Amino acid sequence: MTAVLSRRAALVAVASLALAAPFAHAQQAYPNKPIRLMVGYSAGGGVDALSRMLAQRLSTVLGQQVVVENRAGATGMIAADLVARSAPDGYTLLMGESGLLIAPFLQAKSPIDPLKALVPVAGTFIAPLMIVANNDVPAKTPKELLTLLKANPGRYSYATSGVGTVHHLGFELLKSQSGSFVTHIPYRGAAQIMPDVISGQVPIGVVSAAAGLAQAKSGKLRAVGMMNTAPLAGGENVPAMADAMPGFNVAPRLMLLAPVGTPAAIMEKLNEAARTVLASADLAQAAALQGGIPAYMEPAQLGPEMQRESASWAAIIKAQKISAE
């Protein structure tokens, strides 16, 4: 009798192992099909370009194609909502941008709370911003600009790519800390800002560092200061606004995010792949051409940083009484 039971137990054990094997193999095989990387901005922009740069290199490291899909709108929230509602299996990811942490405070009805519906895989890039000015504006340095604006309240205006962008809130923070009054002129996008600053239609603009450098080098406008402190290749001659305002450091952050519930083993594999890619020697130079700086960050660091950044933007919105209308 004992021998029969032992034989049955052995058969059950073998059957259990046979059933478990496909699941174990499936986990080990991740990824075994293409991965979708959702981007909440239009094709051709800075966030899109950096996302495609990362996707191409992740494809090589992971051994499966990482395909960028653009779902523009609502400051990235359309793409974020799609990813948050996707199966948490590692095959639908989001390239989030700092605007995602701002949107819930300005949208009347935000579809998700990104801090609760998404989990950080890795910090990927910083996209530096630059303050540019028409050549007739009598300020060449951060200190001269702040002195000029403070001495002439209401005389000057500045353009950004829209209400609630990091460009907008970053300059509002600058105004708040410097005690100056400058009128905000929101544009629907960045394309028309540069021509209008060059022509003098609007004297000051907040633009991507890559776009600002290109026009400044041609002499069509003046690069007054970088809004962040991290150096950008090719931008060595542009001072940081922190030179005149110690501690000031504003730049959109790009983040690789996944739906809540994504298995830890998959998160770890994606994180390791991102770390490998972002450490590659050629990436910094390639990213600089698109106005980006590789800035890898572990999930354990990125989560608290997202919380801090969200609270910071909320405080600026409240203090400056900013609304989406």
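In what follows, the structure referred to is the one given above.
Along the backbone of the chain there are 12 helices and 11 strands. If you line up the chain on its principal axes, its C-alpha atoms span 100 × 40 × 30 Å. By sequence separation, contacts in the chain at least 24 residues apart represent 78% of the contacts at least 6 residues apart. When the accessible area of the chain is evaluated, it comes to approximately 15300 Å², of which 57% is carbon and sulfur surface. Charged side chains of the chain number 25 positive and 19 negative; the gap between the two group centres comes to 4 Å.

The α-helix advances 3.6 residues per turn, and as a result positions three or four apart in sequence lie on the same side. Compared with the 18 Å implied by 1.5 Å per residue over 13 residues, the 18 Å span of helix H7 (residues 166-178) between its first and last C-alpha is a close match. With 11 of its 13 residues buried, H7 lies for the most part within the structure. Among all positions in H7, only Val166, His167, His168, Leu169, Gly170, Phe171, Glu172, Leu173, Leu174, Lys175 and Ser178 are buried. Gly179 sits one or two residues past H7 and shows a positive phi near 70°.

Strand order in the open sheet formed by six strands is E2-E1-E3-E10-E4-E11, with mixed pairing between adjacent strands. The open sheet has two free edges, formed respectively by strand E2 (66-70) and strand E11 (293-297), since each of these has just one partner strand. Taken pair by pair, the neighbouring strands of this sheet meet at an average axis angle of 30°, ignoring direction. Lying on the sheet, helix H3 (residues 77-84) is in contact with strand E1 (35-39), strand E3 (92-97), strand E4 (118-126) and strand E10 (253-259); it crosses E3 at an angle near 150°. Its contacts with the sheet put helix H10 (residues 264-278) on E1, E3, E4, E10 and E11, and the angle it makes with E4 is roughly 0°.

Bringing the nonpolar core into the picture now. The biggest cluster of nonpolar side chains holds 48 residues, and the ones touching the most others in it are Leu94, Ile131 and Phe171. Among the secondary structure elements, those contributing two or more residues to this core are H3, helix H4 (99-102), strand E5 (129-133), helix H6 (142-151), H7, strand E8 (204-208), E10 and helix H12 (299-319). The residues touching Leu94, leaving out its near neighbours within four places in the chain, are Leu37, Met38, Ala79, Ala80, Val83, Leu100, Leu118, Met255, Leu256 and Leu257. Core analysis: the next-biggest nonpolar cluster, separate from the first, contains 32 residues, Ile35, Val121, Ala122 and Ala273 among them.

Let's shift gears to the environment of Arg253. Looking at where Arg253 falls in the secondary structure, it is placed in strand E10. The buried category is assigned to Arg253, whose relative accessible area is 13%. Through-space distance from the C-alpha of Arg253 to that of Gly292 is 9.6 Å; in sequence the pair is 39 residues apart. Arg253 has contacts with Gly96, Glu97, Ser98, Phe125, Met297, Leu302, Glu305 and Glu309, leaving out every residue within four places of it along the chain.

Our focus in this paragraph is the sheet that holds strand E6 (residues 157-160). Strand order across the open sheet formed by five strands is E7-E6-E8-E5-E9, with mixed pairing between neighbours. The strands lining the two open edges of the sheet, one partner per strand, are strand E7 (183-186) and strand E9 (222-226). Going across the sheet, the axis of each strand differs from the next one's by a mean of 30°, ignoring polarity. Two elements, E5 and E9, share four bridges in a ladder whose sense is antiparallel. Looking across to E9, one finds that Val132 is bridged to Ala223. Taken strand by strand, H7 contacts E5, E6, E7 and E8, and its axis lies near 150° from that of E6. Packing of helix H9 (residues 209-217) onto the sheet brings it into contact with E5, E8 and E9, and relative to E8 it is tilted by some 120°.

Moving on, we get to the pairing of E4. Summarising burial for E4: eight of the nine residues are buried, a large majority. Pairing geometry for E4 and E10, over seven bridges, is antiparallel. Paired with Ile126 across the strands is Arg253, a residue of E10. Pairing of E4 with E11 involves three bridges; the strand directions are antiparallel.

A word on the packing of H7 against H12. Taken N-terminus to C-terminus, the directions of H7 and H12 make an angle of 65°; their axes are 10 Å apart at the nearest point. Considering their axes alone, H7 and H12 lie roughly perpendicular with respect to each other. Between H7 and H12 lies a crossing of left-handed hand. On H12, the residues touching Val166, Leu169, Gly170, Glu172 and Leu173 of H7 are Trp313, Ile316 and Ile317. For the contact of H7 with H12, the per-class residue count stands at six nonpolar, one polar and one charged.

Inspection of the entire model under this criterion finds two aromatic pairs. A centroid spacing of 5.1 Å and a plane angle of 65° characterise the contact between Tyr30 and Tyr91, whose relative ring orientation is edge-to-face. Here Tyr30, found in the loop between helix H1 (2-28) and E1, pairs with Tyr91, found in the loop between H3 and E3; they are 61 residues apart in sequence, far enough to count as distant. For the ring pair Tyr158 and Phe171, a centre distance of 4.0 Å and an interplane angle of 20° mean the geometry is stacked. Taken together, the residues Tyr158 in strand E6 and Phe171 in helix H7 connect sequence positions 13 residues apart. Taken as a pair, Tyr158 and Phe171 share a single burial class, namely buried. Taking NZ or CZ as reference, Lys33 lies 4.7 Å from the ring centre of Tyr91, over its face.

What counts as what
Residues numbered from 1 in each chain as written. Predicted model: local features only at pLDDT ≥ 70, side-chain atom pairs only at ≥ 80, totals over all residues. Heavy atoms only, no water. Helix = DSSP H or I, 4+ residues; strand = E, 2+ residues; numbered from the N terminus. Contact = heavy atoms within 4.5 Å. Areas by Shrake-Rupley, 256 points an atom, 1.4 Å probe, with all protein chains shown as cover. Lys, Arg positive; Asp, Glu negative; His and termini not counted. Charge placed at Lys NZ, Arg CZ, Asp CG, Glu CD. Expected span 1.5 Å × (residues − 1). Buried < 20%, exposed > 50% of the residue type's maximum accessible area, 1.4 Å probe, protein only. Pairing = 2+ DSSP bridges. Axes fitted to C-alpha atoms, helices over the stretch in contact; angles between N-to-C directions. Core = buried A, V, L, I, M, F, W, Y, C linked by side-chain atoms within 4.5 Å. Parallel < 35°, antiparallel > 145°, perpendicular 65-115°, else oblique. Left-handed = near helix turned anticlockwise from the far one by under 90°. Nonpolar A, V, L, I, M, F, W, Y, C, P; charged D, E, K, R; others polar. Phe/Tyr/Trp six-rings, centres within 6.5 Å; stacked < 30°, edge-to-face > 60°. Lys NZ or Arg CZ within 6 Å of the ring centre and 35° of its normal.

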